[in-house]
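Observations on the model geometry
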Amino acid sequence: MCIRSCFQSFCLQWVWRTAFLKHTQRRHQVAHRWTHLGGSTYRAVIFDMGGVLIPSPGRVAAEWEIQNHIPSGTILKALMEGGENGPWMRFMRAEITAENFLREFGRLCSEMVNDPETAVKELEALLGFTLSIGVPNTRPVRKTMEIPKDSLEKYLKDLLGIQTTGPLELLQFDHGQSNPTYYIRLANRDLVLRKKPPGTLLPSAHAIEREFRIMKALANAGVPVPNVLDLCEDSSVIGTPFYVMEYCPGLIYKDPSLPGLEPSQRRAIYTAMNTVLCKIHSVDPQAVGLEDYGKQGDYIPRQVQTWIKQYRASETSTISAMERLIEWLPLHFPYQQRTTVVHGDFRLDNLLFHSEKLEVLAVLDWELSTLGDPFADVAYSCLAHYLPSSFPMLRGFNDCDLTQLGIPTAEEYFRMYCLRMGLPPTENWNFYMAFSFFRLAAILQGVYKRSLTGQASSANAEQTGKLTEFVSNLAWDFAVKEGFRVFKEMPIKNPLTRSFHTWARTQSQWIPTGTRSYSSIPEASPVHTSKGGLVISPEGLSSPVRELYHRLKHFMEQHVYPAETELQSHQTSAARWSPSPLIEDLKEKAKAEGLWNLFLPLEADPEKKYGAGLTNMEYAHLCELMGTSLYAPEICNCSAPDTGNMELLVRYGTEAQKARWLIPLLEGKARSCFAMTEPKVASSDATNIEASIREEDNFYVINGHKWWITGILDPRCQLCVFMGKTDPHAPRHQQQSVLLVPMDTPGIKIIRPLTVYGLEDAPGGHGEVQFEHVRVPKENMVLGPGRGFEIAQGRLGPGRIHHCMRLIGFSERALALMKARVKSRVAFGKALVEQGTMLADIAQSRVEIEQARLLVLKAAHLMDLAGNKAAALDIAMIKMIAPSMASRVIDRAIQAFGAAGLSSDYPLAQFFTWARALRFADGPDEVHQATVAKLELKHSA
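Values in this document were obtained by computation on a predicted structure and should not be read as measured data. (Residues numbered from 1 in each chain as written. Predicted model: local features only at pLDDT ≥ 70, side-chain atom pairs only at ≥ 80, totals over all residues. Heavy atoms only, no water.)

In terms of helices and strands, the protein carries 28 helices and 24 strands. Taken over 941 residues, the protein has a buried fraction of 57%. For the protein, restricting intrachain contacts to residue pairs at least 6 apart in sequence, the fraction spanning at least 24 positions comes to 72%. (Helix = DSSP H or I, 4+ residues; strand = E, 2+ residues; numbered from the N terminus. Buried < 20%, exposed > 50% of the residue type's maximum accessible area, 1.4 Å probe, protein only. Contact = heavy atoms within 4.5 Å.)

Once that is clear, we can look at the environment of Met 863. Tracing the sequence through the fold places Met 863 in helix 25 (residues 836-866). Under the relative-accessibility criterion, Met 863 is labelled buried at 0%. Considering only alpha carbons, one finds Met 863 and Ile 801, 62 residues apart in sequence, at a separation of 9.9 Å.

Attention shifts here to the confidence of the model for the protein. Chain-level statistics for the protein give a pLDDT mean of 81 and a share of 77% at 70 or above. Residue range residues 1-9 is modelled with pLDDT below 50. Its contacts to residues more than four positions away, or to other chains, number 19 contacts. Contacts from residues 16-58, a stretch scored under 50 in pLDDT, to residues over four places away or in other chains number 80 contacts. (pLDDT = per-residue confidence, 0-100.)

Membership of the largest hydrophobic core comes to 205 residues, with the highest contact counts inside it found for Phe 437 and Leu 908. Setting aside chain neighbours within four positions, we find Leu 908 in contact with Ala 814, Leu 817, Ile 890, Ala 893, Ile 894, Phe 897 and Gly 901. Core analysis: the next-biggest nonpolar cluster, separate from the first, contains 21 residues, Ile 702, Ile 712, Cys 720 and Ile 748 among them. (Core = buried A, V, L, I, M, F, W, Y, C linked by side-chain atoms within 4.5 Å.)

According to the stated counting rule, one finds 21 aromatic pairs in the structure shown. A ring pair is formed by Phe 375 and Tyr 417, whose centres lie 6.3 Å apart and whose planes are at 65°; its orientation type is edge-to-face. Here the residue Phe 375 occupies a position in helix 12 (residues 374-380), and Tyr 417 occupies one in helix 14 (residues 410-421), the gap between them amounting to 42 residues. Measuring from ring centre to ring centre gives 6.4 Å for Tyr 386 and Phe 437, while their planes differ by 80°; the resulting arrangement is edge-to-face. Taken together, the residues span a long stretch of sequence, with Tyr 386 in the loop between helix 12 and helix 13 (402-405) and Phe 437 in helix 15 (residues 429-452) at a distance of 51 residues. With a relative accessible area of 18%, Tyr 386 lands in the buried category. (Phe/Tyr/Trp six-rings, centres within 6.5 Å; stacked < 30°, edge-to-face > 60°.)

A few words now on the packing of helix 9 (residues 263-281) against helix 14. Two quantities define a packed helix pair, namely the angle between the helix axes and the distance between the axes. Where helix 9 contacts helix 14, the two axes come as close as 10 Å, and the packing angle between them is 45°. On the basis of their axis angle, the class for helix 9 and helix 14 is oblique. Note on packing geometry: the crossing formed by helix 9 with helix 14 is right-handed. Contacts between helix 9 and helix 14 involve Arg 267, Tyr 270, Thr 271, Met 273, Asn 274, Thr 275, Leu 277, Cys 278 and His 281 from the first element and Glu 412, Tyr 413, Met 416, Tyr 417, Arg 420 and Met 421 from the second. For the contact of helix 9 with helix 14, the per-class residue count stands at eight nonpolar, four polar and three charged. (Axes fitted to C-alpha atoms, helices over the stretch in contact; angles between N-to-C directions. Parallel < 35°, antiparallel > 145°, perpendicular 65-115°, else oblique. Left-handed = near helix turned anticlockwise from the far one by under 90°. Nonpolar A, V, L, I, M, F, W, Y, C, P; charged D, E, K, R; others polar.)

Scanning the entire structure with this criterion turns up eight cavities of 30 Å³ or more. If you add up the space inside the largest cavity, you get close to 360 Å³. Residues that form the lining of the largest cavity fall into these classes: 13 nonpolar, six polar and three charged. (1 Å grid on protein atoms, 1.4 Å probe; cavity = no way out; pocket = protein on both sides within 12 Å on 5 of 7 lines; lining within 4 Å. Points joined across faces, edges and corners; volume = space filled by probe spheres on them.)

In this section: the sheet that holds strand 4 (residues 138-139). Reading across from one edge, 4-5-6-7-9-8 is the order of the six strands in this open sheet, with antiparallel pairing throughout. This sheet does not close on itself; its edge strands, each paired only once, are strand 4 and strand 8 (228-232). Note: strand 4 against strand 5 (residues 169-173), two bridges, orientation antiparallel. Residue pairing in the sheet places Arg 139 in a bridge with Gln 172 of strand 5. In the packing of helix 7 (residues 149-160) onto the sheet, the strands contacted are strand 5, strand 6 (181-186), strand 7 (189-195), strand 8 and strand 9 (242-246), and the crossing angle to strand 6 comes to about 65°. Relative to the sheet, helix 8 (residues 208-218) contacts strand 7, strand 8 and strand 9, its axis offset from that of strand 8 by approximately 150°. (Pairing = 2+ DSSP bridges.)

Shown next, in the form of structure tokens:
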């Protein structure tokens, strides 16, 4: 027998062995050993098939060589040629087909197999099954993804004009997570079918019609795409719409670290990837008929809202990082966005490479394509740079040495793109990465949700349930980096101007009589709004917010300040435990003026469903203005504890909980309280609380002793947000839970009202309360058992700065009153304003107010840019300084008024009382000092 016949026979037998191995669908374990044949060393491979031993290539080759008088080692030399990148190893990794293996192997043996396709067909007839199982990245069709072959075959024969009666071969690609994709062989045609998954789908998802359209259009623009043949929107054929394209053989690199390749080859592959992305982004949409393929502009805002909705539709549990991103992303959109064709899911494993040349044959998976911001594609293509190699759904290489591998870093890849496109690098790269990982997290959550109903196209879909949180944490890391970049690098271009009032006494009422402005800088350009910079004056706010501020100031002057004397009298009257009719009247006026529910931050309410949609910094300016009166916050429905409870419901409540509690609170028809503090433990540490929540039937039963429950005595109080322990043995921060307790539930006993320096703070008051066997339906649990500490921290949110801004309002009004007082009073022969001590007190008060205000605005701005967690140090600092500053400033004003300052004729005594009380209500000074010190020491380390 000639060597060519021997070689062909050997190849076919070995292909048969390999096909048989794959056909059994058993995993094989590969053990390497070194064997000496013909004086040379070769690697032999043994496959262990659950007890069935398949002979190694070395053994088979040796037998054939002896039987056919072939020089020893000839076949094995050909097998080992090329090492890891040789035809044999590539065939074993399913990177090339049996036909390609035969062709390349034959060339190495110096004689080509005459007709590999015929040889394979002969072997298929002998075996009784096809060898097409060796098509790379395919597997038998999953049970839940089967499609009717008869109707499909009829459709394809009509489409292609095929008359043959040969069987239709069908396999499923294991690649991709969204639209099921199949390999089809019919007669002599190799095809790919891509369809929508079965079942109920998320809105606008799985748009295979768009995939078909864009590939058809881009084929004429020089972009490498598969040749699409037909779109079938008739669901009766296989159950869902689908399209058909020609099969394009090539290599898909699933592992982005590209093992087995040389560093120069890896760099060439990523360069080719970058080049084809530039080619996509250079397409003129109008020239290829895609001008209506997506909306022009605002791509990122629309995408964020789309993926928020997709995530919400597939949400199975609350993920903290996703909640923070949903708040953060809408506040940090890029200012400038180009519009091009974008792929939407551009990454290495969506590219098909030539088997011999390092070039892209086709870009696959266009489901998410549209017209949009090209930088989103660039960032998404760099996901692998930040994922570990152990990541199961989408491998990365952040734990590898890229220099050694030869792979460009993300920064190099990005610069490469910008150079090719002739663009300057974008500054907000971290935003694009945060958005990309947020979108990936939403996609993974959708895959996981579909896996629960058997609709996901990947067998690994269920793993994604644990991965969404991991990816969302990566996204949040980039969000924090972007927030700090903006905060630290942004130049201050905002006006150093602030308006404030002086008050003079007229007919027992304190009303504004003059306005003073200190400024040497003209009003800010509209460009410099609170989103882009630190706004230290109301005049630097954006036009709509500035108009809102002035409307609020006018409302305060016309309605609130004149009503203070009557409202204060009501608080000390016999009717004090009933709401003041005047307050209710002023609430209606505020609501009619649009000065209602201003507190809810844009991050928590991006669609402005519940409030004015202000950022933390924008609201800080309005909050200070409301803080100049003790009554304004309630009049505008912006007072604690309702603000915190409403935010809690917005962030964490179910739709049913929102309908029952949030809406009445937002409308001002109800009030609420928050029960956490306990008399027997140091409640500044929320993990100390002892009140119990135990499960009984379909209820939770509460027992506990609480006090300083603000607002619980108000007859309008309908909801008590209760924090207690559900599991004392759980980890320290997972023992607590939060329940929504209706105030008419039996077992809630008011022991007594508590006073603050003798003030009752009617009608809401501060109650000491006993909860005895209070039964609450299980659906009133917020988030779930063990989530209480997380909720309590989230509830603080922007509320952490509200008290501080109101304290600055207290201080501004106290200083204004003081200045008016010292100008009108004479002692020891001259006006008080001429006394050196008074001048020093006024100067010191102004300095302290400005210092505190700037730090509070900085904290609010940092919360907007980088989130509450990133602003922890600044929040702790303002908790330290704002109450103490207010106490000092108000005390100086009281001193200037003499005994009158202690009376109820002026708001100073109450200002001072609440400033001192807030040094407990917002946490003891010592707690904030410890936080600042720990963070400072950590930073220095």
